[in-house]
Amino acid sequence: MTDAIVAEDVRRAYGDTVALSGVSLSVPAGEVFALVGPNGAGKTTLVRSITGTTDYEGSIALFGDHPRTFDRSRLGLLPQDFTPHERLTAQELIAYYAGLYDQTHPPGQILTDVGLTDSAEVPYEDLSGGQQRRACVGTALVNDPDLLILDEPTTGIDPAGRRHLWTLLEELAETGTTILLTTHYMAEAERLADRVGLLADGELVAVDTPAALIDAHGGETRLTVETTPAPNAVSLDLEYRTAVSGTELVVYDVGPTEIGAVVDRLAAAGLEAESLTWSEPSLADVYLELAGESVEGNIGRSEGQTPESGDLDALTTEGPS
Ligand code: ADP
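Since the model is a prediction, treat every value here as computed from it, not as a measurement.

*Asks:* Can you explain the site of the ligand? Please cite residues and give values.
*Replies:* The local shell around the ligand consists of Tyr14, Thr17, Ala19, Pro38, Asn39, Gly40, Ala41, Gly42, Lys43, Thr44 and Thr45. Contact between the ligand and Ala41: an oxygen atom at 3.1 Å from a main-chain N or O atom of the residue. Within the backbone of Thr44, a nitrogen or oxygen atom sits 2.8 Å from an oxygen atom of the ligand. Bound to the protein, the ligand loses 60% of the 560 Å² it would expose on its own. Those elements that provide at least two residues to the shell around the ligand are β2 (17-27) and α1 (43-50). Here the element with the most residues in the shell around the ligand is α1; it accounts for three residues. For the shell around the ligand, a count of residues per class yields four nonpolar, six polar and one charged.

Written as structure tokens, this is what we have:
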């Protein structure tokens, strides 16, 4: 089957500023691909190149066609800076965009899909920020696109609205819609994306499944144990790498099923565990490692995922650092 997106050696500069310096990428039909990266990395420029709304060097094909000649009725696009007419109600806004296509979903269905049925009659300017963004996502869905491109679809949306959109995007992916999205939220990329591409300084520095990226770049699990007495009071003989920080002992690379044995070993050495926190590496750790900065405004893992945990009562899990 023809890939939904094939980009080869895509380059773009604005004067002396190089936004994209040779990006190559293939997104098979039906895949959800998340593009992440620091501000200024080139994400929006790549999205705009793919959607034919900016010039570029190199080649891009959407289901085999040039972005500028690709059948617009098969494309759904939510630009980052999309601001619709403020006086239109949510319903009018969706109906307006539906009017641009021959065949569309019923606008009422779109309003339900984005969770705005109760606000159908509210003018766009009176919707909350999160509702406005959901209405904008709705405009990209009216034509039931084969390829959906969303530039930061959930920025500014409250957690409940974000989860609503995640479910909607998962349902669309299940029906075979190809989705390319950019996001600052690593939990979002980790939950939604089949593959994640990290863009930095105009280059794709890593592309893989979230699990493979975490395996390769996420680092080790961390078991943090607060002990009585303080951990440096006794000599430990653990086969794991450890570090002491005040009353806390950090034990690295402990699997969830090994936690009980570690606690027993500590007890045998005279250390009682007062509290335990176990965290596994996440995409945010990958981002920190590869992009060299922590994720701005990131949301915790607890919002997007339920990490697997051991069976100890005192065990808690924490979000990415
Ligand atoms: P991102 O979406 O990852 O934040 P952008 O694609 O918006 O990155 O920007 C990539 C680089 O290109 C940045 O250095 C940005 O300042 C520059 N840039 C983007 N759009 C323009 C423009 N219209 N004119 C000049 N420079 C631009």
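Still to come is the rest of the account.
*Asks:* Describe the pattern of salt bridges, with residues and values.
*Replies:* All chains considered together, the criterion is met by eight salt bridges. Among the ionic pairs, Arg11 bridges to Asp9, the shortest N-O distance being 3.1 Å. Judged by relative accessible area, which is 36%, Arg11 ranks as partly exposed. With relative accessibility at 36%, the residue Asp9 sits in the partly exposed group. In this structure, Glu220 engages Arg241 in a salt bridge whose closest nitrogen and oxygen atoms are separated by 2.6 Å. With Glu220 in the loop between α7 (210-217) and β10 (222-228) and Arg241 in the loop between β10 and β11 (242-245), this pair connects stretches of sequence that are 21 residues apart.

*Asks:* Mind laying out the sheet that holds strand β3 (residues 32-36), listing which residues take part and the relevant values?
*Replies:* Here six strands make up an open sheet; going across it, the order is β5-β6-β7-β3-β8-β9 and the pairing mixed. Looking at which strands have only one partner, the edges of the open sheet turn out to be β5 (75-78) and β9 (203-208). Each neighbouring strand pair of the sheet contributes to a mean axis angle of 15°, computed without reference to strand direction. Packed onto the sheet, helix α9 (residues 283-291) meets β3, β8 (195-200) and β9 and runs at close to 30° relative to β8.

Quick notes on the rules
- Sequence order as written defines residue numbering, which begins from 1 separately in each chain.
- The predicted origin of the model limits local features to residues at a pLDDT of at least 70 and limits the giving and counting of side-chain atom pairs to 80 or more, whereas totals for whole chains, interfaces and linings rest on all residues.
- The basis for the side-chain values is all heavy atoms of the structure; hydrogens and waters are excluded.
- Residues are labelled near a given molecule or strand when at least one of their non-hydrogen atoms is within 4 Å of it.
- In protein, a polar contact requires one atom able to donate a hydrogen and another able to accept it; more generally it is a pair of N or O atoms within 3.5 Å, and residues adjacent in sequence count only if both atoms are side-chain atoms.
- Here the open area of atoms and residues is found with the Shrake-Rupley method and a 1.4 Å probe, where only the protein chains shown may cover a residue.
- Here a strand is any run of E in DSSP of at least two residues, a helix any run of H or I of at least four, and the numbering for each starts at the N terminus.
- Only Asp, Glu, Lys and Arg are considered charged in this grouping, and only Ala, Val, Leu, Ile, Met, Phe, Trp, Tyr, Cys and Pro are considered nonpolar; every other residue, Gly among them, is considered polar.
- For salt bridges, the criterion is a side-chain nitrogen of Lys or Arg within 4 Å of an Asp or Glu carboxyl oxygen.
- Exposure is judged per residue with a 1.4 Å probe applied to protein chains only, and the accessible area is read against the type maximum: over 50% gives exposed, under 20% gives buried, and values in between give partly exposed.
- Being paired, for any two strands, means DSSP has found at least two bridges between them.
- Only the stretch in contact is used when a helix axis is fitted, and all axes are lines through C-alpha atoms; the angle between N-to-C directions ranges over 0 to 180 degrees.
- We call two residues contacting when some pair of their heavy atoms lies within 4.5 Å.

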